[in-house]
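Spelled out from the first residue to the last, the chains are:
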Amino acid sequence: MPNHLPIPNDLTALYRRLRRVPLPVYAAAADYCCFVALIPALILLMGLIRYLPLSQEELQELLREALPQAVYRVLGPLAASTFQVSGAVTLSLLLTAYSASGAMRALMRGLDAVYGVKRRDRFPLYFIRAVVYMLLLLLVAALSLLLLVLSERVCGLLPQDCL
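Conventions and cut-offs
Residues numbered from 1 in each chain as written. Predicted model: local features only at pLDDT ≥ 70, side-chain atom pairs only at ≥ 80, totals over all residues. Heavy atoms only, no water. Helix = DSSP H or I, 4+ residues; strand = E, 2+ residues; numbered from the N terminus. Rg over C-alpha atoms; globule rule 2.2 N^0.38 Å. Buried < 20%, exposed > 50% of the residue type's maximum accessible area, 1.4 Å probe, protein only. Contact = heavy atoms within 4.5 Å. Areas by Shrake-Rupley, 256 points an atom, 1.4 Å probe, with all protein chains shown as cover. Lys, Arg positive; Asp, Glu negative; His and termini not counted. Charge placed at Lys NZ, Arg CZ, Asp CG, Glu CD. Salt bridge = Lys/Arg side-chain N within 4 Å of Asp/Glu carboxyl O. Phe/Tyr/Trp six-rings, centres within 6.5 Å; stacked < 30°, edge-to-face > 60°. Lys NZ or Arg CZ within 6 Å of the ring centre and 35° of its normal. Core = buried A, V, L, I, M, F, W, Y, C linked by side-chain atoms within 4.5 Å.

Engineer: Would you take a moment to explain the overall build of the protein for this structure?
Structural biologist: Within the protein, the regular secondary structure consists of seven helices and zero strands. In summary, the protein has a C-alpha radius of gyration of 23 Å against a globular reference of 15 Å for 163 residues, an excess of more than 25%. Along the first, second and third principal axes, the C-alpha set of the protein runs to 75 × 50 × 35 Å. Classification of the 163 residues of the protein by burial places 21% in the buried group. Sequence-distant contacts in the protein: of pairs separated by 6 or more residues, those separated by 24 or more amount to 70%. Roughly 12,700 Å² of accessible area belongs to the protein as shown, and the carbon and sulfur atoms make up 70% of that amount. Averaging the positions of the 15 positive and the 10 negative side-chain charges in the protein gives two centres separated by 20 Å.

Listed below in structure tokens is the structure:
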């Protein structure tokens with residue numbers, strides 16, 4: 001009697017096909033693009049600070065209380081400068097979308113390689129599709145976080161016999 005369970009032929013074939021595909025290369029490309037997208041995303045977040053219902057002095061006081069002194073010395077003037085800069089939000093939004101779509105394109109190329117699909121899309125269509133997929137992914141992540149934070153309120157709105 002064998003000591004192990006027999007592996008179905010489909011799983012063996014899938015394993016052989018996956019070994020031929022350079023998945024670490026696609027994963028590294030996606031990771032690199034996500035890391036590159038962090039910088040414009042941080043600029044975007046800093047640019048959105050001025051749309052908060054806080055004055056510049058209130059923001060400075062909040063940062064002074066929340067951050068260690070060494071970090072505040074770096075971020076304090078940076079946060080104050082966001083009240084003067086106007087075009088940073090639009091530019092950083094475009095750079096974030098472009099960089100993050102690079103990660104999605106790398107994931108799409110990796111999945112195409114795994115399934116053996118040859119894409120015939122031209123670059124603009126491929127790029128737009130990657131941006132849309134990335135925006136949908138971000139929307140799902142934001143909604144998931146929102147539901148996580150507001151789960152008690154949502155459960156409180158439901159009738160008790162539903163739970």
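Once you've had a look at it, read on.
Engineer: What is the right way to look at the pattern of salt bridges in this model?
Structural biologist: Any two side chains of opposite charge can pair, so long as their charged atoms come close to each other. A full pass over the atoms with the stated rule returns four salt bridges. Note that D121 is salt-bridged to R119, the shortest N-O span being 3.6 Å. Residue D121 is classed as partly exposed on the basis of its relative accessible area of 29%. On the basis of relative accessible area, R119 is assigned to the partly exposed category, the value being 36%. A salt bridge links R129 to D121; the shortest N-O distance between them is 2.5 Å. Classification of R129 by relative accessible area gives partly exposed; the value is 25%.

Engineer: What exactly am I supposed to notice about the packing of aromatic side chains here?
Structural biologist: Each aromatic ring pair is summarised here by two numbers: the centre-to-centre distance and the angle between the ring planes. One pass over the structure, following the stated rule, counts two aromatic pairs. Between the aromatic rings of Y98 and F127, the centroid separation amounts to 5.7 Å while the plane-to-plane angle is 40 degrees, which identifies the pairing as tilted. Of this pair, Y98 sits in helix 5 (residues 88-115) while F127 sits in helix 6 (residues 123-149); the two residues are 29 residues apart in sequence, bridging distant segments of the chain. Residue classification places Y98 among the partly exposed residues on the basis of a relative accessible area of 45%. Under the relative-accessibility criterion, F127 is labelled partly exposed at 21%. Ring geometry for F123 and F127: centres 5.9 Å apart, planes at 25 degrees, overall stacked. A residue pair is termed a helical-turn pair when its members lie 3 or 4 positions apart in one helix, as F123 and F127 do in helix 6 at four residues. By way of ring pairs, the aromatic residues Y98, F123 and F127 are connected into one cluster. Over the ring of Y98 we find R105; its NZ or CZ atom is 5.6 Å from the centre of that ring.

Engineer: What exactly am I supposed to notice about the nonpolar core here?
Structural biologist: For soluble globular proteins, the rule of thumb is that nonpolar side chains tend to be buried together. With nine residues, the main nonpolar core is built from C33, A37, A100, A103, M104, M108, Y126, A130 and M134. The set of elements that each furnish at least two residues to this core consists of helix 2 (23-48), helix 5 and helix 6. Residue contributions to this core peak at four residues, all from helix 5. When sequence neighbours within four positions are dropped, the list of residues in contact with M134 reads A100, A103 and M104. If you look at the next biggest cluster of nonpolar residues, it comprises five residues, including I49, L59, L63 and A79.

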